[in-house]
Amino acid sequence: MTEVKAGKKAAELDAKNPKFVKRAEGMRALLSVIRQQEETIRLGGGTKAIQSQHDKGRLTVRERVSLLIDPDTTFRELGLFAAFEMYGEWGGAPAAGVVTGLARVSGRLCMVIANDATVKAGSFFPMTAKKVLRAQTIALENRIPTLYLVDSAGIFLPLQEDVFPDTDDFGRVFRNNAVMSALGIPQITAIMGMCVAGGAYLPVMTDTVLMTEGSGLFLAGPALVQAAIGQKVSAEELGGAAMHAEISGTVDFKEPNDHLCIARMRSLVGKLGQRPGAPFDVKPYDAAKNQPAGAEGDLYGVVEPDPNAPAAAIYDMHEVIARLVDGPGIDEYKADYGRTLICCYARIGGRAVAIVANQRAHQQQTSSTGEKRTEFGGVIYAESAEKAARFIMDANQSLIPLIFLHDVNGFMVGRDAEWSGIIRAGAKMVSAVSNSVVPKISVILAGSFGAGNYAMCGKAYDPRFIFAWPTAKYAVMSGASAASTLVEIRLRQLEREGKKLTDAERKELFESIKATYEGQTDARYAAARLWVDALIDPAETREWLLTALEACTLNPEVAKFNPGVLQT
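Description of the structure in this document. (Residues numbered from 1 in each chain as written. Predicted model: local features only at pLDDT ≥ 70, side-chain atom pairs only at ≥ 80, totals over all residues. Heavy atoms only, no water.)

1. Notes on the overall build of the chain
Part 1: Within the chain, the regular secondary structure consists of 19 helices and 21 strands.
Part 2: Relative to the 2.2 N^0.38 estimate, which gives 24 Å for 568 residues, the radius of gyration of the chain is 26 Å and therefore close to what a compact globule would have.
Part 3: Relative to its 568 residues, the chain shows a buried fraction of 54%.
Part 4: In the chain, once contacts between residues fewer than 6 apart in sequence are set aside, the share between residues at least 24 apart is 75%.
Part 5: For the chain, the accessible area works out to roughly 24900 Å², and carbon and sulfur atoms hold 54% of it.
Part 6: Of note, the chain has its 62 positive side-chain charges centred 3 Å away from the centre of its 65 negative side-chain charges. (Helix = DSSP H or I, 4+ residues; strand = E, 2+ residues; numbered from the N terminus. Rg over C-alpha atoms; globule rule 2.2 N^0.38 Å. Buried < 20%, exposed > 50% of the residue type's maximum accessible area, 1.4 Å probe, protein only. Contact = heavy atoms within 4.5 Å. Areas by Shrake-Rupley, 256 points an atom, 1.4 Å probe, with all protein chains shown as cover. Lys, Arg positive; Asp, Glu negative; His and termini not counted. Charge placed at Lys NZ, Arg CZ, Asp CG, Glu CD.)

See below:
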């Protein structure tokens, strides 16, 4: 066991270090802005829409979730920033009009998917469908019992062409309901408002259906029925709770109101059977003996939060790992080789994990020819990629879940890098990540650029969960590098047209392109499009990992690992 001790750059995490203090202040300021934005998002359609929901005798979506989860437990909300600053022409769709997240219900870890009727009557925007599908995917991959609180008018018709027909659109929700049921993943639905048109299939595709009085469940509402077949019928007679409980037999439990409906759902969850867990190693966690080194609040000073800072922060990633894993330490794999990637075994809350992390401190390395060189922190070199590929394969062989900590600029470029076989080594690492069968969890601390995002298990590589600090940056390359490249391309175009820019015009063009590009690399931009599951407070990283790891253990099945053909 290797103790996680302060590295050469440990002063970077010293709370009295001026650089640390400046970064920590910047991080707290950024978190303050994000928390204010989160509070606005949680208002959904606003105070008038909330009052309208109350006037109908119904609770709001967040009031329902608060009643549903166990007292004094934390709701780990996923996709809060979904659709952030999108659909402005339609008045916006805060949180994409649906609340999703992991919660403890009657002692069981559950996935909650709940429509927000204050946002366009709970209608499905394109991002609403994608958010529900992501929550279902997490539940599918981890075999998490799933609870639906339905209060939705169905598809948002002005955008129906982007919601209805494709493989990752609205219809996939019902397909997932069927597949989850076939896999034995419990699904319970409470209809607590309108459940109309295609959306009416969702509750009936699940295992158990509850419905409150005053709610409606029908393929076509009264107005459409009259227009289609000329029949006049009330909403209650057409698809009310009494009709479905007494005549159609569609619902299993009829409840007078939201409070009693949620109480019934909690009771049913409390009676769910337990299935065998995953084969991953876990030891009892002793808070007195196994506390992480340092304080999680120290992580505020790690990453440079100012996008206009001249250079990214240089820090020893060992110090970050030390604040996430159990004491007394880690087992570091090939510690002296390929040092720009740290690979180590550790425990988090007693659960065994294998960690792949970008080292941001520059490293001294001796090449195979005996040449001593400095390797830049945050860059993946050939030997780093080969080490990581082997480590990832070892973790799969040993049935140990993988955690990736991103702060990566990409792979090394240039003649020496190409001669070293960087493409071959990178392909080996990407292949190992692609074919990995143990759970993978990614946390993006800062940069996640270019092919480095792929090698470090970005969204395209099926991480069970992917979280991001507010300082995360997603892009092919950094804003300054991209702006320089795009400016050069634009200048050549202008030259071919016989035009020439002054230095002032060139600078203005550079700043304009850079601002646009950096706006698209912001963590909130990524979260709005569900490229990450949640923006998390750095000081809560360990808690998020604990919840994610627990979720991963609910799926007992681990496929046979077959790494395929590797470049040698």
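2. Quick word on the packing of helix H4 (residues 126-142) against helix H5 (residues 171-182)
Part 1: One way to put it is that H4 packs onto H5 with a least axis distance of 10 Å and a crossing angle of 15 degrees. As far as their axial angle goes, H5 and H4 are roughly parallel. Our pair here, H4 against H5, has a crossing hand that is left-handed. On H5, the residues that touch Val132, Leu133, Gln136, Ala139 and Leu140 of H4 are Arg172, Val173, Asn176, Asn177, Val179 and Met180.
Part 2: Classifying every residue of the contact of H4 with H5 gives 7 nonpolar, 3 polar and 1 charged. (Axes fitted to C-alpha atoms, helices over the stretch in contact; angles between N-to-C directions. Parallel < 35°, antiparallel > 145°, perpendicular 65-115°, else oblique. Left-handed = near helix turned anticlockwise from the far one by under 90°. Nonpolar A, V, L, I, M, F, W, Y, C, P; charged D, E, K, R; others polar.)

3. What about unusual backbone geometry?
Part 1: Following Gly327, the chain continues into Pro328 via a peptide bond in cis, with omega recorded as 10 degrees.
Part 2: When you line up the elements, Pro328 lands in the loop between helix H11 (317-322) and strand S10 (329-332).
Part 3: Phi is positive for Ala121, which is not a glycine, with a value near 60 degrees.

4. Comments concerning empty space enclosed by the protein
Part 1: Evaluated as defined, the whole model comprises 3 cavities of 30 Å³ or more.
Part 2: In this structure, the largest cavity spans a volume of roughly 130 Å³.
Part 3: Taken together, 16 residues line the largest cavity, and the ones lying closest to its centre are Asn115, Phe124, Val150, Ser152 and Leu202.
Part 4: At the level of elements, strand S4 (108-115), strand S5 (146-152) and strand S6 (187-196) are the ones that each hand at least two residues to the lining of the largest cavity.
Part 5: For the lining of the largest cavity, a count of residues per class yields 12 nonpolar, 4 polar and no charged. (1 Å grid on protein atoms, 1.4 Å probe; cavity = no way out; pocket = protein on both sides within 12 Å on 5 of 7 lines; lining within 4 Å. Points joined across faces, edges and corners; volume = space filled by probe spheres on them.)

5. Description of the pairing of strand S14 (residues 372-375)
Part 1: Sheet topology note: the strand S13 (residues 363-366)/S14 ladder contains 4 bridges and is antiparallel. Residue pairing for S14: Gln363 is matched across the bridge by Glu375.
Part 2: With antiparallel pairing between neighbouring strands as the criterion, S13 and S14 make up a hairpin whose turn holds 5 residues, including Gly370 at a positive phi of roughly 90 degrees. (Pairing = 2+ DSSP bridges.)

6. Concerning a nonpolar patch on the surface
Part 1: A cluster of nonpolar residues, Tyr201, Met205 and Leu219, forms a patch on the protein surface that exposes about 290 Å² of accessible area.
Part 2: As for its placement among the helices and strands, Leu219 is situated in the loop between strand S8 (216-218) and helix H7 (222-229). (Patch = residues over 30% accessible without salt bridge, like charges linked within 9 Å, V, L, I, M, F, W, Y side chains within 5 Å. Salt bridge = Lys/Arg side-chain N within 4 Å of Asp/Glu carboxyl O.)

7. Details of the side chain of Arg134
Part 1: Position of Arg134 among the secondary structure elements: in helix H4.
Part 2: Note on Arg134: relative accessible area 13%, which makes it buried.
Part 3: Within polar-contact distance, the side chain of Arg134 engages the backbone oxygen of Pro463 at 3.5 Å. (Polar contact = N/O pair within 3.5 Å; in protein donor to acceptor, adjacent residues only side chain to side chain.)

8. Digging into the environment of Leu224
Part 1: When you line up the elements, Leu224 lands in helix H7.
Part 2: The sequence separation of Leu224 and Ala551 amounts to 327 residues, and the corresponding C-alpha distance is 43 Å.

9. Focus: the side chain of Thr206
Part 1: Counting through the fold element by element, Thr206 comes out in the loop between helix H6 (201-205) and strand S7 (208-212).
Part 2: Here the side chain of Thr206 touches Thr189 through a polar contact of 2.9 Å, side chain to side chain.
Part 3: Reaching out from Thr206, the side chain makes a polar contact with the backbone oxygen of Pro203 at a distance of 2.6 Å.
Part 4: Once residues within four sequence positions are removed from consideration, Thr206 is found in contact with Tyr148, Asn177, Gln187 and Thr189.

10. Examining helix H14 (residues 422-435)
Each turn of an α-helix holds 3.6 residues, which means side chains three or four residues apart point in the same direction.
Part 1: Here H14 is 14 residues long and its end C-alpha atoms lie 20 Å apart, about the 20 Å a rise of 1.5 Å per residue gives.
Part 2: Taken together, the buried positions of H14 are occupied by Ile422, Ala425, Gly426, Lys428, Met429, Val430, Ser431, Ala432 and Val433. (Expected span 1.5 Å × (residues − 1).)

11. Overview of the environment of Ser442
Part 1: Here Ser442 lies in strand S18 (residues 440-449).
Part 2: Here the alpha-carbon distance between Ser442 and Leu405, two residues 37 residues apart in the chain, equals 6.1 Å.
Part 3: For Ser442, the contacting residues outside a window of four places in its chain are Phe404, His406, Met456, Cys457, Pro463, Phe465, Ile466 and Phe467.
Part 4: Within polar-contact distance, the side chain of Ser442 engages the backbone oxygen of Cys457 at 2.6 Å.

12. Observations concerning the packing of aromatic side chains
Part 1: Applying the stated criterion across every chain yields a total of 14 aromatic pairs.
Part 2: Residues Trp90 and Phe156 carry aromatic rings whose centres are separated by 5.5 Å and whose planes lie at 80 degrees to one another, so their mutual orientation is edge-to-face. With Trp90 in the loop between strand S2 (76-78) and strand S3 (98-105) and Phe156 in the loop between S5 and H5, the pair connects residues that are 66 residues apart, well separated along the chain.
Part 3: Judged by relative accessible area, Trp90 falls into the partly exposed class, the value being 33%.
Part 4: An angle of 55 degrees between the planes, with centres 6.3 Å apart, marks the rings of Phe174 and Tyr201 as tilted. Of this pair, Phe174 sits in helix H5 while Tyr201 sits in helix H6; the two residues are 27 residues apart in sequence, bridging distant segments of the chain.
Part 5: Linked through ring pairs, Tyr87, Trp90, Phe125 and Phe156 together constitute an aromatic cluster.
Part 6: Sitting over the face of the ring of Trp419, Arg415 holds its NZ or CZ atom 4.8 Å from the ring centroid.
Part 7: Geometry around Tyr525 places Arg529 over its ring, the cationic atom sitting 3.5 Å from the centre. (Phe/Tyr/Trp six-rings, centres within 6.5 Å; stacked < 30°, edge-to-face > 60°. Lys NZ or Arg CZ within 6 Å of the ring centre and 35° of its normal.)

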